[in-house]
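Commentary on secondary and tertiary structure
Listed here are the chains, written in short residue letters.
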Amino acid sequence: MMLVVNVRKQLFGAEGDFSLTTDLEIPKGGITAVAGPSGSGKTTFLRILAGLTSPEEGFLQVDGRVWFQGREGRRPRINLKPQQRRAGFVFQGYALFPHMSVMQNLLYAANDRDMAEKLMEMTGLGNLRDVKPAQLSGGQKQRVALARSLMQQPELLLLDEPLSALDETMKSVLQDELLKIHRELGITILIVTHDSSEIFKLCDRVLLFEKGRVVADKTPRELFVERATTQKFAFKGEILELKSFDAIHTAVVAIGNNLVEVVIDSHERGSLRIGDKVVIGTKAFNPTIRRFEHHDFDFSRL
Amino acid sequence: MNRIRAVVRSIEAHEALHRITLDAGEERFVVITLELADEYRVGASVDISFKSTHVALARSLKGELTISNRLEAVVAGVRRSRLLAEIDLRSRAGSFTSLITVDALERTGIQEGDRVTALMKASDLYLSRIREA
């Protein structure tokens, strides 16, 4: 077992205080998604693993070595400092040293030129070694942050929404690179993300946090595809418009930034109101699929 | 959405595909679906749901049809509009509605009190688990 984490930490939320409580075991070598609404304790969970925040009590062991052990109200028996823990950390912000080149940023983490060369090669930074962060794009900066977090050859890589500031194309490229790094280094990764396609593409497990507790611990397929009904095609939306004509009724529903129109029956027409939160769905057999064409309206342009 | 309460009678799986037979009253239904959550097992109570637009109606049906679900029903009401008509139906499995064109209504001569056969394809029906309140 790679990671055993059994901790409790008091948190102060906008809707009252709650405690982050985990009782988890994560095997070596996987990529685990940490998901859930803002303020549910995801980032605190990662900070506890990295040693940037201490829990009130609990036990944390990574690959047979105890990183934290302590009881409430006492000084922890064991509490390794962040630099003693073999954990790499990448945040949404890049946190690079602006006055240092890419190479110097990597060497600051660990003075190991061979490792720096290998990681720059792996992340496609080879010809940017002497460039300062200000001249890099968002995707390149995040590659540097990722390479730097790997300089000390961590056992555990902690990623807090590392790709959420990037556009879709760059996001997809970095997801592929992350998979490549994971394959080559065999490192155990925890990644905070809200992006369902990212979870499906990268992760073998999802921990869904709600008010400090893990309310679902499943594979992405179990969480997203095997639903409570046999409808595979279901989206949460909000009713914007209801109309009646001839023998039918229609509802215009906003799903994310997309608008769709659905035919409903008279019973549904009677029970629905504008503004209602609804799920529109159909079976996996019914939707059709075709290539996007230039005359199709792309809601992501808005 | 039409809903008919039923009990799972059998499940046949082939890789991700499942064929489920269900009993509702004295009627038998067949549903085809992809991955099935564990809570759908033989003996489970479920709702079979389908849209009115997915129910075809036949009078004096003869000959062979590939459609898996046929339900004998009585026409309990006809609400005719200009292009479409909503037909209320009563069966041994429960009540439901069908939405058909006025052309089809005139061609078949369906009217209140008639005995008809309702036809639904196995891939047009979906299941939802009944949650205890």
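Presented here is a report on the structure given in the accompanying data block. Only a predicted model underlies this, so the values are computations on that prediction, with no experimental measurement involved.

1. A short note on the sheet that holds strand β3 (residues 27-33) of chain B
Residues and elements named next belong to chain B. Strand order in the open sheet made by the five strands is β3-β2-β1-β4-β10, with antiparallel pairing throughout. With partners counted over all chains shown, the strands left at the sheet margins are β3 and β10 (126-129), one partner each. Between one strand axis and the next, the sheet turns by 45° as a mean value, whatever way the strands run. Pairing analysis gives six bridges linking strand β1 (residues 2-14) to strand β4 (residues 45-50), with the strands arranged antiparallel. The residue bridging Arg3 from the neighbouring strand is Ser49, located in β4.

2. Digging into the pattern of salt bridges
All names here are of chain A. With the rule as written, the count across this model stands at 23 salt bridges over all chains. Between Arg129 and Glu117 there is a salt bridge, with the nearest N and O atoms lying 2.6 Å from each other. Placement of the pair is Arg129 in the loop between α3 (113-122) and α4 (138-149) and Glu117 in helix α3, with a sequence separation of twelve residues. Using a relative accessible area of 33% as the deciding quantity, one classes Glu117 as partly exposed. With its nearest N and O atoms 3.8 Å apart, the salt bridge here joins Glu168 to Lys171. You can see Glu168 and its partner Lys171 sitting in helix α5 (residues 168-185), three residues apart, about one turn around the helix. Accessibility expressed as a relative area gives 57% for Glu168, which makes it exposed. Taken together, the shared-partner salt bridges in this structure form one network comprising Arg8, Glu57 and Glu72.

3. Looking at the nonpolar core
With 35 residues, the main nonpolar core has Met151 and Leu159 of chain A as its most contacted residues. Per-element tally for this core: the top contributor is α3 of chain A, with five residues. Counting 34 residues, the second-largest nonpolar core is a separate cluster that includes Ile4, Ala24, Ala93 and Leu125 of chain B.

4. Examining the packing of aromatic side chains
Residue and element names in this part refer to chain B. By the definition in use, this model includes five aromatic pairs over all chains. An angle of 70° between the planes, with centres 5.9 Å apart, marks the rings of Phe50 and Phe96 as edge-to-face. With a gap of 46 residues between them, Phe50 in strand β4 and Phe96 in strand β8 (residues 94-101) connect regions that are remote in the sequence. A relative accessible area of 1% places Phe50 in the buried class. You can call Phe96 buried: its relative accessible area is 3%.

5. A few points about the interface of chain B and chain A
Put simply, an interface is often sized by how much accessible area is lost when its parts join up. If you look at the interface, chain B gives 31 residues, while chain A gives 21 residues. Summing the contributions of chain B and of chain A, the shared interface buries around 1,900 Å²; its carbon and sulfur component is 51%. Of all residues in chain B, Met1, Glu35 and Tyr126 of chain B bury the most surface against chain A, accounting for 29% of the area lost on that side. Counting the contacts that link chain B with chain A gives one salt bridge. As a salt-bridge pair, Arg221 of chain A and Glu35 of chain B come within 2.3 Å of each other at their nearest N and O atoms. Here chain B is connected to chain A by ten residue pairs in polar contact (both at pLDDT 80 or more). Where the side of chain B that touches chain A is concerned, the elements lending two or more residues are β3, β7 (84-91) and β10 of chain B. Examining the composition of the side of chain B that touches chain A, we find that four residues originate from one element, β10 of chain B, more than from any other. Per-class residue counts for the side of chain B that touches chain A are 16 nonpolar, six polar and nine charged.

Rules behind the numbers
- Residues numbered from 1 in each chain as written.
- Chains lettered and ligands numbered in written order.
- Predicted model: local features only at pLDDT ≥ 70, side-chain atom pairs only at ≥ 80, totals over all residues.
- Heavy atoms only, no water.
- Pairing = 2+ DSSP bridges.
- Helix = DSSP H or I, 4+ residues; strand = E, 2+ residues; numbered from the N terminus.
- Axes fitted to C-alpha atoms, helices over the stretch in contact; angles between N-to-C directions.
- Salt bridge = Lys/Arg side-chain N within 4 Å of Asp/Glu carboxyl O.
- Buried < 20%, exposed > 50% of the residue type's maximum accessible area, 1.4 Å probe, protein only.
- Core = buried A, V, L, I, M, F, W, Y, C linked by side-chain atoms within 4.5 Å.
- Phe/Tyr/Trp six-rings, centres within 6.5 Å; stacked < 30°, edge-to-face > 60°.
- Contact = heavy atoms within 4.5 Å.
- Buried area = accessible area lost by both parts, 1.4 Å probe.
- Polar contact = N/O pair within 3.5 Å; in protein donor to acceptor, adjacent residues only side chain to side chain.
- Nonpolar A, V, L, I, M, F, W, Y, C, P; charged D, E, K, R; others polar.

No statement about biological role is implied by the geometric values presented.
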